[in-house]
Amino acid sequence: MFDLNFYRGKKIFITGHTGFKGSWLCRILLYLGADVTGYGLEPPTDPSLFRIAGISNDIHSVIGDIRDREKLLSVFHDAEPELVIHLAAQPIVKDSYKNPAYTYEVNVLGTVNILECVRQSKKVKSFLNVTTDKVYKNNEWEWGYRENDELDGFDPYSNSKSCSELVTHSYRRSFFRTSDVAVSTARAGNVIGGGDFSKDRIIPDCIRAVQAKRDILVRNPYSTRPYQHVLDPLYAYLMIAAMQYQDRKYAGYYNVGPDDEGCYRTGDLVDLFCRTWNDDIRRVDQYARGPHEANFLKLDCSKLKATFNWKPHWDIKKAIEMTVEWNRCWIGGKDIKACMDKQIVDFLGV
């Protein structure tokens, strides 16, 4: 495990900082004493964690499109980062069917653009591209996919992230093989946590149902996904970025996900949420026809565990508890920054 003090005073550049994961990542880095520059679009939801937590007040936040290479290069040049974590993406499977061209532009060309910034920099020593567990060709196997399995996502979102991986691999071989820049990708599973207001995601759907005092509608109750609290993969990202900064031998491609008990059927996850929220709410299965989505998906995270002696920190029960705690705090009008910092301290054990 790495020394958290590593990030004190380090200059970090984050793309997609206005999103759910990006906002939590900024808050962790602020807690660790880093100098953070974020580049991303306006928050993708309203409400948004980025605005609720006042992230823009505490970092250097620039609103910009990852497809705008000239603006990105200018902001990047001024920031002079030492580490870069690339989160910017069009992340919704259903939206990728509605607008595939935009999805590929953001997820593929956006990756090219940030890698061009890194290639032209003399300061960057560590680059991490965050992709998804959906980059793999999904054979509906009962065992987890490993990093050397075939990359061939089915839908435009998943496929565009497969392409983002391949772009990163090419840049790593073509431009960074003999440089001081360490390059990795992290393929993470589904995340949950306080502050996710995205559409077509099961836990935000649960929160919206609670607020509206209606039943929770579940369209694919038997689909199985690897779920974990958002702090678990974010910690892994920071660990990979820090360790490869200090020693390039750690650069590579890593799955980031829960242990087997974190692979939950959607319906069971909703039932766990209902028990934890402890109000008179219930789930109603509503099988809806729609575009193709994988039924079973699981990651093998042996490489991450063996390389860094890493393991998931919070199990699914704790993840749901922390998600409920945050949302009760938000609905109750309490101090969101204090709630986030409390959970970060709890997670890090400091």
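Just above sits the structure.
Fair warning: this is a prediction, and the values are worked out from it, not measured in the lab.

Attention now moves to the nonpolar core. One broad rule of soluble globular proteins: the nonpolar side chains tend to lie buried together. Within the largest apolar cluster, 65 residues are counted, with the highest numbers of intra-cluster contacts made by Tyr7 and Trp24. Residue contributions to this core peak at 12 residues, all from helix H8 (residues 231-246). With 25 residues, the next largest nonpolar core counts Val75, Phe76, Val118 and Phe176 among its residues.

Omega for the bond connecting Asp46 with Pro47 falls within 30 degrees of zero, at 10°, which places this linkage in the cis form. Assignment of secondary structure puts Pro47 in the loop between strand S2 (35-40) and helix H2 (49-52). Notably, Asp200 is not glycine yet its phi reads approximately 60°, a positive angle. Mapped onto the fold, Asp200 is located in the loop between strand S7 (190-192) and helix H7 (202-212). Relative accessible area serves as the criterion here: at 29%, Asp200 is assigned to the partly exposed category. Located in the positive-phi region is Lys213, a residue other than glycine, with phi close to 55°. Position of Lys213 among the secondary structure elements: in the loop between H7 and strand S8 (216-218).

On to the sheet that holds strand S6 (residues 182-188), then. One open sheet accounts for seven strands, arranged S3-S2-S1-S4-S5-S6-S10; its pairing is parallel. Here the strands that pair on one side only, and so sit at the sheet edges, are strand S3 (60-63) and strand S10 (253-256). The sheet shows a mean angle of 15° between the axes of neighbouring strands, direction not considered. For S2 and S3, the ladder comprises four bridges, and the chain directions are parallel. What sits directly across from Tyr39, in S3, is Val62.

Bringing the sheet that holds strand S11 (residues 263-265) into the picture now. An order of S7-S9-S11 is seen for the three strands of this open sheet, with the pairing classed as mixed. Both edges of this open sheet fall to S7 and S11, since each of them pairs with a single strand only. Neighbour-to-neighbour, the strand axes of the sheet open up by a mean angle of 50°, direction not taken into account. Note that S7 and strand S9 (residues 224-229) share three bridges and pair parallel. Residue pairing across strands places Asn190 opposite Tyr227, the latter belonging to S9.

What follows deals with the packing of aromatic side chains. In total, this model carries 17 aromatic pairs according to the counting rule given. A ring pair is formed by Tyr254 and Phe308, whose centres lie 5.4 Å apart and whose planes are at 50°; its orientation type is tilted. Of the two residues, Tyr254 sits in strand S10 while Phe308 sits in helix H10 (residues 302-308), which places them 54 residues apart along the sequence. Just as Tyr254 is buried, Phe308 falls in that class too. Positioned over the ring face of Tyr254 is Lys303, at 4.8 Å from the centre of the ring. Stacked on the ring of Trp277, the Lys or Arg Arg328 has its end atom at 4.2 Å from the ring centre.

Moving on, we get to the side chain of Gln343. Inspection of the secondary structure puts Gln343 in helix H12 (residues 336-348). Each residue touching Gln343, except ones within four places of it in the same chain, is listed here: Trp24, His229, Leu231, Trp314, Met322, Glu325 and Trp326.

We now examine H8. Given 3.6 residues per helical turn, the α-helix brings residues three or four places apart onto the same face. For H8, which comprises 16 residues, the first-to-last C-alpha distance of 23 Å matches the rise-based estimate of 22 Å (1.5 Å per residue) to within 8%. The buried fraction of H8 is high, at 15 of 16 residues.

Attention now moves to helix H11 (residues 316-331). For H11, spanning 16 residues, the distance from its first C-alpha to its last is 22 Å, which sits close to the expected 22 Å at 1.5 Å a residue. By the burial criterion, the buried members of H11 are Ile316, Ala319, Ile320, Met322, Thr323, Val324, Trp326, Asn327 and Cys329. Remark: Gly333 follows H11 within two positions and exhibits a positive phi of approximately 75°.

Let us now look at the pairing of strand S1 (residues 11-15). Of all five residues making up S1, four are buried, and the element is well covered by its neighbours. Where S1 lies against S2, five bridges are found, and the strand directions are parallel. Bridge pairing in S2 places Lys11 opposite Asp35. Assessed by its sense of winding, the connection that carries the chain from S1 through helix H1 (residues 20-31) to S2 is right-handed. Alignment of S1 against strand S4 (residues 83-86), held across four bridges, turns out to be parallel. Each residue of the ladder has a partner; that of Phe13, found in S4, is Val84.

Running from N to C, helix H5 (residues 100-119) and helix H6 (residues 156-175) point in directions that differ by 20°, and their axes come no closer than 9 Å. When the axis of H5 is compared with that of H6, the two are roughly parallel. In the packing of H5 onto H6, the handedness of the crossing is right-handed. Of the residues in H6, those in contact with Pro100, Thr103, Tyr104, Asn107, Val108, Thr111, Val112, Leu115, Glu116 and Arg119 of H5 are Pro156, Tyr157, Asn159, Ser160, Lys161, Cys163, Ser164, Val167, Thr168, Tyr171 and Phe175.

Calculation notes
Residues numbered from 1 in each chain as written. Predicted model: local features only at pLDDT ≥ 70, side-chain atom pairs only at ≥ 80, totals over all residues. Heavy atoms only, no water. Core = buried A, V, L, I, M, F, W, Y, C linked by side-chain atoms within 4.5 Å. Buried < 20%, exposed > 50% of the residue type's maximum accessible area, 1.4 Å probe, protein only. Helix = DSSP H or I, 4+ residues; strand = E, 2+ residues; numbered from the N terminus. Pairing = 2+ DSSP bridges. Axes fitted to C-alpha atoms, helices over the stretch in contact; angles between N-to-C directions. Phe/Tyr/Trp six-rings, centres within 6.5 Å; stacked < 30°, edge-to-face > 60°. Lys NZ or Arg CZ within 6 Å of the ring centre and 35° of its normal. Contact = heavy atoms within 4.5 Å. Expected span 1.5 Å × (residues − 1). Right-handed = clockwise from strand over helix to strand, strands pointing away. Parallel < 35°, antiparallel > 145°, perpendicular 65-115°, else oblique. Left-handed = near helix turned anticlockwise from the far one by under 90°.

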